[in-house]
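These are the residues of each chain, in order.
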Amino acid sequence: PPLKLKLNTADLVARVPFFDELDKGRQKRIARLLKTRLFAPGDRIITRGEIGDEMFFIADGAVRVMLDDREVTLGTGDFFGEIALITDQPRNADVEALGFSTLLALKRRDFARFVKRHPDLRDKIRKIAAERVNGGVAI
Ligand code: CMP
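Residues numbered from 1 in each chain as written. Predicted model: local features only at pLDDT ≥ 70, side-chain atom pairs only at ≥ 80, totals over all residues. Heavy atoms only, no water.

Asker: Tell me about the side chain of Thr-9, and name the residues and values.
Answerer: Inspection of the secondary structure assignment puts Thr-9 in helix H1 (residues 9-13). Classification of Thr-9 as buried rests on a relative accessible area of 18%. Leave out the neighbours within four places in its chain, and Thr-9 touches Ala-31, Leu-34, Thr-36 and Leu-104. (Helix = DSSP H or I, 4+ residues; strand = E, 2+ residues; numbered from the N terminus. Buried < 20%, exposed > 50% of the residue type's maximum accessible area, 1.4 Å probe, protein only. Contact = heavy atoms within 4.5 Å.)

And the structure:
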């Protein structure tokens, strides 16, 4: 029989600790907003300088963030691409897939609605974004 590859977004959401504090119903709701995107090693996911319309949660795999002076590896459970959504600035780094990766994409408009309903999660995202680009000072 043919191999059936079923990617259940709710199962993927469960792999991202960020969503742990949401109850089952809310996890289901966010799962409906997230689009599953598959990447192969070396695929470009984000290009510096472009306008960003979505952020990503890593359900499985790893990515490399290429900064001016160094590279940062993010893995399963991490998120990225949030800074363009928060600051309305162009993408501040290139990001490419390190291995085969399953990402969950959240569009700008859905992100805005989501953080309005979940201010504590908005604060979490903002805190990590500030650590990434501003030495921890609020952005
Ligand atoms: P954004 O600017 O939208 O697109 C590039 C992304 O790379 C950025 O959002 C962050 O998610 C991520 N990024 C930028 N700087 C760092 C850093 N110092 N550490 C980890 N991730 C980063």
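We are not done yet, so read on.
Asker: Talk me through the layout of surface pockets; I want residue IDs and the actual numbers.
Answerer: In this structure, the largest pocket encloses a volume near 370 Å³. Those elements that provide at least two residues to the lining of the largest pocket are strand E5 (71-75), helix H3 (82-87) and helix H5 (119-134). Counting residues per element, the lining of the largest pocket draws most heavily on H3, which supplies three residues. Residue classes in the lining of the largest pocket are distributed as 12 nonpolar, three polar and six charged. (1 Å grid on protein atoms, 1.4 Å probe; cavity = no way out; pocket = protein on both sides within 12 Å on 5 of 7 lines; lining within 4 Å. Points joined across faces, edges and corners; volume = space filled by probe spheres on them. Nonpolar A, V, L, I, M, F, W, Y, C, P; charged D, E, K, R; others polar.)

Asker: Can you break down the packing of aromatic side chains residue by residue, with the values?
Answerer: On inspection of all chains with the given rule, the structure shows seven aromatic pairs. Following the ring pairs from residue to residue traces out a cluster consisting of Phe-18, Phe-19, Phe-57, Phe-79 and Phe-114. (Phe/Tyr/Trp six-rings, centres within 6.5 Å; stacked < 30°, edge-to-face > 60°.)

Asker: A description of the pattern of salt bridges should follow, citing residues and the corresponding values.
Answerer: By the definition in use, this model includes 16 salt bridges. Close ionic contact of Glu-71 with Arg-64 constitutes a salt bridge, the shortest N to O distance being 3.9 Å. The exposure class of Arg-64 is partly exposed, given its relative accessible area of 25%. Note that Arg-122 is salt-bridged to Asp-123, the shortest N-O span being 3.6 Å. Residue classification places Arg-122 among the partly exposed positions, given a relative accessible area of 33%. The class for Asp-123 is partly exposed, based on a relative accessible area of 43%. In this structure, a network of salt bridges that share partners links the residues Arg-37, Asp-53, Glu-54 and Lys-107. (Salt bridge = Lys/Arg side-chain N within 4 Å of Asp/Glu carboxyl O.)

Asker: Give a detailed account of the site of the ligand, specifying residues and quantitative values.
Answerer: Taken together, 15 residues lie near the ligand, and Gly-81, Glu-82, Ala-84, Arg-91 and Asn-92 sit nearest. In this structure, an oxygen atom belonging to the ligand sits 3.0 Å away from a main-chain N or O atom of Asn-92. About the coverage of the ligand: the protein hides 96% of its 460 Å² of free accessible area. Of all the elements, H3 adds the most residues to the shell around the ligand, at three residues. (Near = heavy atom within 4 Å. Polar contact = N/O pair within 3.5 Å; in protein donor to acceptor, adjacent residues only side chain to side chain. Areas by Shrake-Rupley, 256 points an atom, 1.4 Å probe, with all protein chains shown as cover.)

Asker: Outline the nonpolar core, supporting the account with residue identities and numerical values.
Answerer: Formed by 24 residues in total, the largest nonpolar core has its most connected members in Phe-18, Phe-19 and Phe-57. Within the residue set of this core, elements represented by two or more residues are H1, helix H2 (24-33), strand E3 (54-60), H3, strand E8 (101-107), helix H4 (108-117) and H5. Not counting the four nearest positions on each side in its chain, Phe-57 is found in contact with Val-16, Phe-18, Phe-19, Leu-34, Asp-78, Phe-79, Thr-102, Leu-103, Leu-104 and Leu-106. Among the nonpolar cores identified, the runner-up in size contains 14 residues, and Ile-58, Val-63, Val-95 and Ala-97 belong to it. (Core = buried A, V, L, I, M, F, W, Y, C linked by side-chain atoms within 4.5 Å.)

Asker: Tell me what's going on with the pairing of strand E7 (residues 94-97), and back it up with residues and numbers.
Answerer: Of the two faces of E7, the one carrying Asp-94 and Glu-96 and the one carrying Val-95 and Ala-97 are both buried. Looking at chain direction, strand E2 (residues 44-46) and E7 are connected through two bridges and run antiparallel. Pairing of Ile-46 across the sheet is with Val-95, part of E7. One ladder, built from four bridges, connects strand E4 (residues 62-66) with E7; its direction is antiparallel. When the bridges of E7 are listed, Val-65 appears paired with Val-95. (Pairing = 2+ DSSP bridges.)

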